[in-house]
Amino acid sequence: MRIVETFKTALSSLGLNKVRSFLTMLGVIIGVFSVVTLISLVKGVQNYIEDQFKLLGANTLFVLPGKVQVGNPNTGHGILGGGFEEKDVSNIEILAKDYIDAVTPAVVATRDISYKTKTYNASLEGINFKSGAIFNFDLKYGRYFTRLEENNDSRVVVVGDTLNQELFSGQNSVGFYLKVDNKNYQVIGVLNPKSRDYDEGVFLPYTTALKEFPGSKISSIAVKVKDGINVNTAVEQINLALLKNLKQDQFSVLTQKDFLTSINSILNIITIALAAIAGISLFVGGIGIMNIELVSVTERTKEIGLRKALGATSRNIRNQFMIEAVMISVTGGFIGLFFGWIVTFLVRSLIRAQIPLWSVFLSLGFSILVGIVFGTYPAIKASQKDPIEALRYE
Amino acid sequence: MIPILQAKKICKVYDMGKTKITAICDLDVNIYKGDFLSITGKSGSGKSTLMHMIGLLDTPTKGEVILNGRNTKGMSEKELAEVRNKEIGFVFQDFYLLPRSTVLDNVILPMKYSKNPIKDMEKRATDVLKLVGLEQRLQNRSNELSGGEKQRVAIARALVNEPSIILADEPTGNLDSKNGEEIEKLFIDLNNKGITIVIVTHDKELAAIAKREIVLKDGSIVSDNGKSK
């Protein structure tokens, strides 16, 4: 029997039990859908982080607690728990002044912010009065906070565009007061739209943040390198400045590229882990295929006997059942991919999710492999049936 | 006259572990072109075993089966399948049609397994279905047919590859007398057209329509009214 005929026969056999065929391929559909969707979402997160860093420019450096080895996701102990002192910030400011334009500590907290009846859960970022230059802030209304306000721990805030829309319906909210932890903070500036992180953010003097949010600390330091200065030279100088107060393993100075490499290496591990977990459902789907194919072989024993009596070779029978199994898994793979694509398309308004080509080949390749691996045993079992015994089967 | 099928001293012994059962022993049969042969005998006489061996569904423990001058002894499973497909047409008591396939598709099935691609399979199947009087039922599913019609489809399927011999195992066993008679008549018509037919049955009425009768008992031929041929 020619292979085209074998395909047609397999297709018509599957068509005779549409519901069963669909339920059998459900495991593969879910498996491929999970793999593709999870990979596309992680890719979306990766794209989002890259976009955020690109907005800052290549000459922005970040100082993080703990030792981070670029590209090694097993390092970076202390990033979550560690912190800096104000002395560290001033050491950079003084000792590396020839290399840098500005430096700011960052104190981050998440709080419910309210204005009248409206409440918004936002990230509050305590930074210094010079940080506008580092983060390239562009004010729509009002002004940025001053050194004086920073020194006085003033409760003043600059709000992002989305937050201004949500709490103040997009009007000029300068002079209005919003509430954080039942304390009033005056809006002194509103930012132009920039990116989601900034648009949903609230920026205030870091001194205020340290004072008003108990337990908060300087979790990172951002540095803007002077134009014309080699970024690596600036990194060396910042390193030297920080060593005045800290040990070498208590901090890491990362360039935008380092940062992205580190984050990407972590995200890659997450991608592999998630894809592996999702791959388990593909494996389970494969067991489902094998189970149903075995049932099918038993149910169609007489048909196998008849086909052999009419001239089918064992190879013909094996190919027929094998192709049925592979068709189930490949069709399931395509359906799963299609649903994965739909979800990726739907979440694109929130995050720049994207299905990498390799994940398409990986999931489809894996689903073909599942069909072959789990279809082999039932196919061999079918092909080995003795025609006389098969025809007599009750 | 050279027989189209020769069974020479064939034996079939089933090994059941401690015991061995001899189903057929030193049996010689020659089947000639145009023969209409019935193989009869009581249950356990070896009829089915003989049919399986001359139909190349089973291989003899001893002896050889020669079909159109080709000794089938030592043939591979693939070669035997090819010979079965080209030279032998089977008709079974239970019809064994693919229930949800159309009449036409059921008849086309053996052609799909032909070693050499067959052109215009649909036309050929239609022609054979006309021969058995089912030209109006081409697109019906086989589970929509009566028992007699199903057996006609099975006969058309057996004929479609123009085999040297048709082997029918109790072809009227599952039919009422009216349909049984129609099938008997069809076999007579086909034989009159020169088609070689072997019917395995314990039904004496059916056996009587054949021109030649072999009676088996305990795996041996006790009578063959056409041996002298």
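Residues numbered from 1 in each chain as written. Chains lettered and ligands numbered in written order. Predicted model: local features only at pLDDT ≥ 70, side-chain atom pairs only at ≥ 80, totals over all residues. Heavy atoms only, no water.

A. Region of interest: the overall build of chain B. Of the regular secondary structure elements, chain B holds 7 helices and 10 strands. A compact globule built from 229 residues would reach a C-alpha radius of gyration of about 17 Å, and chain B, at 17 Å, matches this within 12%. Along the longest, intermediate and shortest principal axes, the C-alpha atoms of chain B span 50 × 40 × 40 Å. Evaluated residue by residue, chain B yields a buried proportion of 55% over its 229 residues. Pairs at least 24 apart in sequence give 71% of the contacts found in chain B among residues at least 6 apart. Each charge class in chain B can be summarised by its mean position, and for the 35 positive and 31 negative side chains these summaries are 4 Å apart. (Helix = DSSP H or I, 4+ residues; strand = E, 2+ residues; numbered from the N terminus. Rg over C-alpha atoms; globule rule 2.2 N^0.38 Å. Buried < 20%, exposed > 50% of the residue type's maximum accessible area, 1.4 Å probe, protein only. Contact = heavy atoms within 4.5 Å. Lys, Arg positive; Asp, Glu negative; His and termini not counted. Charge placed at Lys NZ, Arg CZ, Asp CG, Glu CD.)

B. The domain arrangement of chain A, seen in detail. Taken domain by domain, chain A consists of domain 1 (3–50 + 278–392) and domain 2 (105–218). Computed from C-alpha coordinates alone, the two centres of domain 1 of chain A and domain 2 of chain A are separated by 54 Å. (Domains from an automatic or database assignment.)

C. Layout of the packing of aromatic side chains. All names here are of chain A. In this structure the tally under the stated criterion is 15 aromatic pairs over all chains. A ring pair is formed by Tyr115 and Phe176, whose centres lie 5.7 Å apart and whose planes are at 15°; its orientation type is stacked. With Tyr115 in strand 2 (residues 100–115) and Phe176 in the loop between helix 6 (161–168) and strand 6 (177–180), the pair connects residues that are 61 residues apart, well separated along the chain. With relative accessibility at 25%, the residue Phe176 sits in the partly exposed group. Where Phe283 meets Phe374, the ring centres are 5.5 Å apart and the plane angle is 80°; that geometry is what we call edge-to-face. With a gap of 91 residues between them, Phe283 in helix 10 (residues 256–299) and Phe374 in helix 13 (residues 357–383) connect regions that are remote in the sequence. When its relative accessible area of 47% is taken as the criterion, Phe283 is described as partly exposed. Each member of the aromatic cluster is reached from another via a ring pair, and the members are Phe135, Phe137, Tyr144, Phe145, Tyr198 and Phe203. The ring of Tyr185 carries the charged tip of Arg155 above its face, separated from the ring centre by 5.9 Å. (Phe/Tyr/Trp six-rings, centres within 6.5 Å; stacked < 30°, edge-to-face > 60°. Lys NZ or Arg CZ within 6 Å of the ring centre and 35° of its normal.)

D. Main features of the sheet that holds strand 4 (residues 62–67) of chain B. All names here are of chain B. The strand order 2-1-4-5 describes an open sheet built from 4 strands, whose pairing is antiparallel. At either margin of the open sheet sits one strand with a lone partner, and together these are strand 2 (19–31) and strand 5 (70–71). Across 9 bridges, strand 1 (residues 5–16) lies against strand 2 in antiparallel orientation. Counterpart to Val13 in the pairing with strand 2 is Thr22. Of the strands in this sheet, strand 1, strand 2 and strand 4 are in contact with helix 1 (residues 47–54), which crosses strand 1 at around 120°. (Pairing = 2+ DSSP bridges. Axes fitted to C-alpha atoms, helices over the stretch in contact; angles between N-to-C directions.)

E. Structural view of helix 3 (residues 86–95) of chain A. Residues and elements named next belong to chain A. Residues Asp88, Val89, Asn91 and Ile92 constitute the buried set of helix 3. Buried residues of helix 3 fall within an arc of 155° about the axis and therefore sit on the same side. Buried residues along helix 3 sit in contact with strand 1 (60–65), strand 2, strand 9 (220–225) and helix 9 (231–242). (Arc of directions from axis to C-beta.)

F. Inspection of the environment of Tyr185 of chain A at higher detail. Residue and element names in this part refer to chain A. Counting through the fold element by element, Tyr185 comes out in strand 7 (residues 183–191). Tyr185 gets classed as buried once you look at its relative accessible area, which sits at 1%. The contact partners of Tyr185, leaving out residues within four places of it in the chain, are Arg155, Val156, Val157, Phe176, Tyr177, Leu178, Val180, Leu204, Thr208, Glu212 and Phe213.

G. A look at the pattern of salt bridges. What the rule picks out here adds up to 24 salt bridges over all chains. Note that Glu149 of chain A and Arg143 of chain A form a salt bridge whose closest N and O atoms lie 2.6 Å from each other. Here Lys123 of chain B ties to Asp127 of chain B by a salt bridge, and the two come within 3.1 Å at their closest N and O atoms. Residue Lys123 of chain B and its partner Asp127 of chain B are both found in helix 4 (residues 121–131); the two are separated by 4 residues, about one turn of the helix. A residue is classified by how much of its surface remains accessible, and Asp127 of chain B, at 36% relative accessible area, is partly exposed. Look at the salt bridges and you will find they share partners, linking Arg300, Glu303, Arg307 and Glu324 of chain A into a network. (Salt bridge = Lys/Arg side-chain N within 4 Å of Asp/Glu carboxyl O.)

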